[in-house]
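# Architecture at a glance
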Amino acid sequence: MAAVSTTTSQLHISYPARLFKTQSSQINTEKTQLGFKPRGRIQAKWETGIASSAGFGLGNRGRRRKTEGFQRGKPWVVTCTAEGIERGMLMGNRGGGSGEAAAAKKAISVPERFKVVALLACVMCLCNADRVVMSVAIVPLAAKNGWTSSFLGVVQSSFLWGYIFSSVIGGALVDKYGGKRVMAWGVAMWSLATLLTPWAANHSTTSLLVVRAFFGLAEGVALPSMSTLLSSRWFPTQERASAVGISMAGFHIGNVIGLLLTPVMLSSIGISGPFILFSSIGLLWLTIWAYTVTNDPRESYCISKSELRLIQAGKSDSPVNSGKLPPLRLLLSKLPTWTIILANITNNWGYFVLLSWMPVYFKTVFGVNLKQAAWFSAVPWGTMAVSSYIAGAASDSLIKAGYSLTLVRKIMQSIGFIGPGVSLLCLNYANTPTDAAVLLTAALCFSSFSQAGFLLNIQDIAPQHAGFLHGISNSAGTFAAIVSTIGTGYFVQWLGSFQAFLTVTAVLYFATAIFWNLFATGERVF
């Protein structure tokens, strides 16, 4: 075995003569950023031989060396070069090794696309948690300020006032600058708005409405950024639905976290507690995102060649970004575009009614307190997170089995609309909060199949302009969400019941399902 002894100025290495034939056994070195730098002239044999034996990388030219291991009597590989430290441990290795070294790295490495979808799932969780905080905090704020049910709906919808404008602009920015940069700016701005919300609520109602509108303006870029990064950049066609399903599962878990944590923090810390917590998490996420993710896998220094080939081979259409927006008249002249727009309208109509009014519904109809209402409201969203992944996995399985994209999108979207419609009709006959929670859970679980329907269909029909088309459809859906959120308040105040509005929503689900099955397609249109 080689004996190694070091001092502050020298590195002395004794080695068996049978391994290396040299005339010297001493190297003078000085410290550098990676360890040691040769002070004098070193022969190539020393660089490739002794440096590897001693376990240090001299420059970036060290070689890997096989050593005998004790694991089941098989040899194992130790990689101790500077290149290995820099690329393997800190940033990954794009080129990979050969033989056993490559197999060992492959066994312990996490594909870069999985890291991307994990970070997106986290930020989508935060995105929805920030939204739902207000759905709970508005109950004590309404009692404090004496707001009526109709004005409560106005406050709830203020988030959507900014959201409706940023969807189209955000989608266009995503197509031009990429999802990474746009998402980063969005998170920074909505975290700031979240932090300012309790101050605005204490200052005046007008200030609260302005801050919530700014909050919606910032969050409008989240879905187009997420959809573009996953659907057209980082995942092949046969994995897109699962990737979006994972990300949207995080989105729905955000509802659970917001609904459960907010009442506890409101009672223990006060109104400012949950807003400060979630804004701080947003800034922490932003720091990780900035140094981890790239817009395109081809720009990543961490991705392996095999993973990059897998992603590129699985793309039926590689987006070519011209930097120009497509003619709006052209987009709106095709029926497949209108199926997506109408689907987004219907989905947002039902989604925001349930998101904004669920705690109020349980408190008003069944007389449960705020904490109980939060639990009854959180259970459906938690189950929806699971169904989101199931929907994505089922969609990908059908595609891999050979079914056409058109058929798969129609199946997924039919489940996503007919299921919630039936559930909401049955909700009119619920007599206990438990029955209502079960039916709301069913409605939300079925609606999660829309993510494998119209949300992915945007990339199918317009891969080069997916962000812009997503923005257009999302703006229309946001307008519908504003109408439904405010309309629910007026209906409840006028009729004293949620039943009429639930029936209207169910009918809208059924009508849109018929239109979707008649005119939707999975083929490229633009």
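Note: the structure precedes this text.
Residues numbered from 1 in each chain as written. Predicted model: local features only at pLDDT ≥ 70, side-chain atom pairs only at ≥ 80, totals over all residues. Heavy atoms only, no water.

## Re the overall build of the protein chain
Assigned secondary structure in the protein chain consists of 20 helices and 6 strands. The burial tally for the protein chain puts 53% of its 526 residues in the buried class. Long-range pairs, those at least 24 residues apart, make up 77% of the contacts in the protein chain between residues at least 6 apart in sequence. Carbon together with sulfur atoms contributes 63% to the accessible area of the protein chain, which is approximately 23900 Å² in total. (Helix = DSSP H or I, 4+ residues; strand = E, 2+ residues; numbered from the N terminus. Buried < 20%, exposed > 50% of the residue type's maximum accessible area, 1.4 Å probe, protein only. Contact = heavy atoms within 4.5 Å. Areas by Shrake-Rupley, 256 points an atom, 1.4 Å probe, with all protein chains shown as cover.)

## Structural notes on the pattern of salt bridges
Within the structure shown, the criterion is met by 4 salt bridges. Two residues, Glu-112 and Lys-115, come together in a salt bridge whose shortest N-O distance is 2.8 Å. Of the two residues, Glu-112 and Lys-115 are both situated in helix H5 (residues 112–145); the distance of 3 residues between them amounts to about one turn of the helix. Judged by relative accessible area, which is 7%, Glu-112 ranks as buried. Assessed through its relative accessible area of 34%, Lys-115 is described here as partly exposed. (Salt bridge = Lys/Arg side-chain N within 4 Å of Asp/Glu carboxyl O.)

## What to know about a nonpolar patch on the surface
Residues Phe-165, Trp-185, Met-189, Leu-192, Leu-195, Leu-196, Trp-199, Phe-214, Leu-217 and Ile-276 make up a contiguous nonpolar surface patch of roughly 1000 Å² in combined accessible area. Listed by contribution, the elements that provide at least two residues to the nonpolar patch are helix H7 (179–203) and helix H8 (205–219). Of the residues forming the nonpolar patch, the biggest block, 6 residues, is contributed by H7. Checked against the element boundaries, Met-189 lands in helix H7. (Patch = residues over 30% accessible without salt bridge, like charges linked within 9 Å, V, L, I, M, F, W, Y side chains within 5 Å.)

## Thoughts on the packing of H7 against H8
Where H7 contacts H8, the axes come no closer than 8 Å and their chain directions differ by 170°. Judged by the inter-axis angle, H7 sits roughly antiparallel to H8. Between H7 and H8 lies a crossing of left-handed hand. For the pair H7 and H8, the contacting residues are Gly-186, Met-189, Trp-190, Ala-193, Thr-194, Leu-196, Thr-197, Ala-200, Ala-201 and His-203 in the first and Ser-207, Leu-208, Val-211, Arg-212, Phe-214, Phe-215, Ala-218 and Glu-219 in the second. Taken together, the residues of the contact of H7 with H8 sort by class into 11 nonpolar, 5 polar and 2 charged. (Axes fitted to C-alpha atoms, helices over the stretch in contact; angles between N-to-C directions. Parallel < 35°, antiparallel > 145°, perpendicular 65-115°, else oblique. Left-handed = near helix turned anticlockwise from the far one by under 90°. Nonpolar A, V, L, I, M, F, W, Y, C, P; charged D, E, K, R; others polar.)

## Description of helix H18 (residues 454–461)
Of all 8 residues that make up H18, 8 are buried, and the element is covered over most of its length. Turning to H18, its buried residues are Phe-454, Leu-455, Leu-456, Asn-457, Ile-458, Gln-459, Asp-460 and Ile-461.

## Things to note about the side chain of Gln-451
Residue position: Gln-451 is located in the loop between helix H17 (433–447) and H18. For Gln-451, a relative accessible area of 9% translates into the label buried. Among the polar contacts listed, one links the side chain of Gln-451 to the side chain of Ser-388, at a separation of 3.4 Å. Contact partners of Gln-451, with chain neighbours within four places excluded, come to Val-244, Gly-245, Met-248, His-252, Met-384, Ser-388 and Leu-456. (Polar contact = N/O pair within 3.5 Å; in protein donor to acceptor, adjacent residues only side chain to side chain.)

## A word on the side chain of Thr-339
Mapped onto the secondary structure, Thr-339 falls in helix H14 (residues 335–366). A polar side-chain atom of Thr-339 sits 2.5 Å from the main-chain carbonyl oxygen of Pro-336. Among all residues touching Thr-339, those that are not within four sequence positions of it are Phe-515, Trp-516, Phe-519 and Ala-520.

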